Amino acid sequence: MPSLLLKVAQWTHQDLAMTAQQLGRAQLLTVPYSHYCEIAKWSLAASGVPFDEVACPPVAHVLPTLATRFPAGGGRRVAADSSSIATSATSIPLLALPSGEVLLDSWQIVNFASKTRPNLGVVPDSLRALLDEELGPLTRQSCYAVLLKEKNYAAWSGLVTHNTSLLWRLAWYVIGGRITSFMVKTFRAHDAARISECEAKLRESFDRVGAELKKLTPAGAPFIGGALPGLSDIAAASLVAPKCFPDAYCGGVFYPYFSQILTADEAAKMDAEMYRATALGRHCMSVYAAGR
């Protein structure tokens with residue numbers, strides 16, 4: 001971890017664990033349109049845990065994340081549960097509790113929600129492995145391939161500047177193109193062969209997760225949770241929502257931007273229709289209709 005970057009983070013941002021203790025409310029750090037953060041927000045809401053969302057655009061989340069993972073008073077909070085992000089010091093979501101405890105990824109937050117409200121159930125290991133190791137990362141890569149297309153730049157800019165400060169909006173006007181280029185490179189979003197491989201794997205993952213949901217759902221019940229969605233339903237629906245585009249994704253806040261993409265990008269629209277028609281896609285749309 002570059003020492004100068006860490007010092008800047010500690011100088012400019014308060015440890016969210018301290019904020020949570022001062023306010024007596026949990027503090028959830030997010031990139032607000034992220035499907036991983038959607039799991040966290042929805043799980044906490046379903047479990048009745050009061051929290052404040054500290055929403056940051058991508059890249060801008062790095063400093064507050066570092067300030068909480070490496071507090072100025074000493075100590076390190078780096079042990080995440082997710083296999084795909086466990087080695088990253090800037091991964092989110094991150095939940096700071098009034099007790100001083102900090103939960104470092106979506107799965108730790110889902111487990112906390114389950115303990116807070118046990119009737120929501122737990123995510124079985126078999127399903128979690130599919131969601132964590134396959135579906136989540138593949139959905140993210142596929143979505144950035146859509147978001148970072150040149151034709152979708154207006155919608156992408158809207159997402160990352162939505163409800164942000166004037167300073168960030170001015171910064172995005174100046175350096176948004178550079179940040180976008182960095183993310184294109186990071187996610188290989190314009191690599192046609194890589195994206196084609198990703199889409200093939202994603203379709204296979206949709207099928208595997210759909211089959212797993214069928215096995216886990218009680219006979220005659222619409223959801224794994226029974227009559228209402230449980231945490232397993234919420235986790236699966238959240239992780240595929242950016243490919244199915246339910247209106248209520250992230251509470252519906254960003255639907256205008258996603259709708260803009262579906263209008264301007266015929267390929268993205270066709271993909272959404274295809275994924276919605278799968279067993280997992282139908283489950284996603286039903287869970288959002290019932291519970292978000």
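Everything numeric here is computed off the predicted structure, so don't read it as measured data.

Draft legend 1. Representation of the pattern of salt bridges. Counted according to the given criterion, the structure contains eight salt bridges. Two residues, Glu53 and Lys41, come together in a salt bridge whose shortest N-O distance is 3.5 Å. Taken together, the residues span a long stretch of sequence, with Glu53 in strand E2 (residues 51-55) and Lys41 in helix H3 (residues 35-47) at a distance of twelve residues. Judged by relative accessible area, which is 35%, Glu53 ranks as partly exposed. Under the relative-accessibility criterion, Lys41 is labelled buried at 7%. The residue Glu212 makes a salt bridge to Lys215 at a minimum N-O spacing of 3.3 Å. With Glu212 and Lys215 both in helix H9 (residues 192-216) and three residues apart, this pair spans about one turn of that helix. Accessibility expressed as a relative area gives 10% for Glu212, which makes it buried.

Draft legend 2. The arrangement of helix H12 (residues 266-276) in detail. Within H12, burial applies to Ala268, Ala272 and Tyr275. Along the axis of H12, the buried residues cluster in a sector spanning 70 degrees; they form a single face. Here the buried face of H12 lies against helix H6 (125-147), H9, helix H10 (231-244), helix H11 (255-264) and helix H13 (279-291). Regarding H12, its N-cap is Asp265, as a side-chain oxygen of that residue lies 3.2 Å from the backbone nitrogen of Ala267 further along.

Draft legend 3. Seen up close, the sheet that holds strand E3 (residues 94-96). Ordered in space as E2-E1-E3-E4, the four strands form an open sheet in which the pairing is mixed. The strands lining the two open edges of the sheet, one partner per strand, are E2 and strand E4 (102-103). Contacting strand E1 (26-30), E2, E3 and E4, helix H2 (residues 16-23) runs over the sheet at an angle of about 145 degrees to E1.

Draft legend 4. Representation of the pairing of E2. Pairing analysis gives five bridges linking E1 to E2, with the strands arranged parallel. In the strand pairing of E2, Ala26 is matched with Phe51. With H3 bridging E1 and the parallel E2, this β-α-β connection has right-handed handedness.

Draft legend 5. How the structure looks around the environment of Val240. Residue position: Val240 is located in helix H10. For the pair formed by Val240 and Gln108, sequence separation is 132 residues and the distance between their alpha carbons is 19 Å. Ignoring any residue separated from it by four or fewer positions in sequence, one finds Val240 in contact with Leu135, Phe206, Leu280 and Cys284.

Draft legend 6. Quick peek at the packing of H6 against H9. As a packed pair, H6 and H9 sit with axes 9 Å apart at the nearest point and diverge in direction by 145 degrees. In this structure, H6 crosses over H9, and the sense of that crossing is left-handed. Partitioned by chemical class, the residues of the contact of H6 with H9 number 13 nonpolar, five polar and six charged.

Draft legend 7. Summary view of the nonpolar core. Among the nonpolar cores identified, the biggest contains 73 residues, and Tyr33, Leu131, Leu135 and Trp156 are the most heavily contacted of them. Setting aside its immediate chain neighbours within four residues, Tyr33 contacts Pro58, Tyr144, Leu147, Trp156, Leu159, Val160, Tyr249, Cys250 and Phe254. Listed in part, the ten residues of the second largest apolar core include Ala26, Val49, Phe51 and Leu97.

Draft legend 8. Region of interest: the packing of helix H5 (residues 106-116) against H10. The interhelical angle for the contact between H5 and H10, taken along N-to-C directions, is 155 degrees, at an axis separation of 11 Å. In terms of axis orientation, H5 runs roughly antiparallel to H10. As for the relative orientation of H5 and H10, their crossing is right-handed in sense. Residues Trp107, Val110, Ala113 and Ser114 of H5 touch H10, and the partners they reach there are Leu231, Ala235 and Leu239. In the contact of H5 with H10, the residues fall into six nonpolar, one polar and no charged.

Draft legend 9. Quick peek at the layout of surface pockets. Counted as a void, the second largest pocket has a volume near 480 Å³. In terms of lining residues, the second largest pocket is bounded by 27 residues, among which Pro32, Ala55, Cys56, Pro57 and Thr164 are the most central. Taken together, the elements giving at least two residues each to the lining of the second largest pocket come down to helix H1 (3-12), E2, helix H4 (62-69) and helix H7 (153-161). Considered class by class, the residues forming the lining of the second largest pocket number 18 nonpolar, six polar and three charged.

Cut-offs used in this document
- Residues numbered from 1 in each chain as written.
- Predicted model: local features only at pLDDT ≥ 70, side-chain atom pairs only at ≥ 80, totals over all residues.
- Heavy atoms only, no water.
- Salt bridge = Lys/Arg side-chain N within 4 Å of Asp/Glu carboxyl O.
- Helix = DSSP H or I, 4+ residues; strand = E, 2+ residues; numbered from the N terminus.
- Buried < 20%, exposed > 50% of the residue type's maximum accessible area, 1.4 Å probe, protein only.
- Arc of directions from axis to C-beta.
- Contact = heavy atoms within 4.5 Å.
- Polar contact = N/O pair within 3.5 Å; in protein donor to acceptor, adjacent residues only side chain to side chain.
- Pairing = 2+ DSSP bridges.
- Axes fitted to C-alpha atoms, helices over the stretch in contact; angles between N-to-C directions.
- Right-handed = clockwise from strand over helix to strand, strands pointing away.
- Left-handed = near helix turned anticlockwise from the far one by under 90°.
- Nonpolar A, V, L, I, M, F, W, Y, C, P; charged D, E, K, R; others polar.
- Core = buried A, V, L, I, M, F, W, Y, C linked by side-chain atoms within 4.5 Å.
- Parallel < 35°, antiparallel > 145°, perpendicular 65-115°, else oblique.
- 1 Å grid on protein atoms, 1.4 Å probe; cavity = no way out; pocket = protein on both sides within 12 Å on 5 of 7 lines; lining within 4 Å.
- Points joined across faces, edges and corners; volume = space filled by probe spheres on them.

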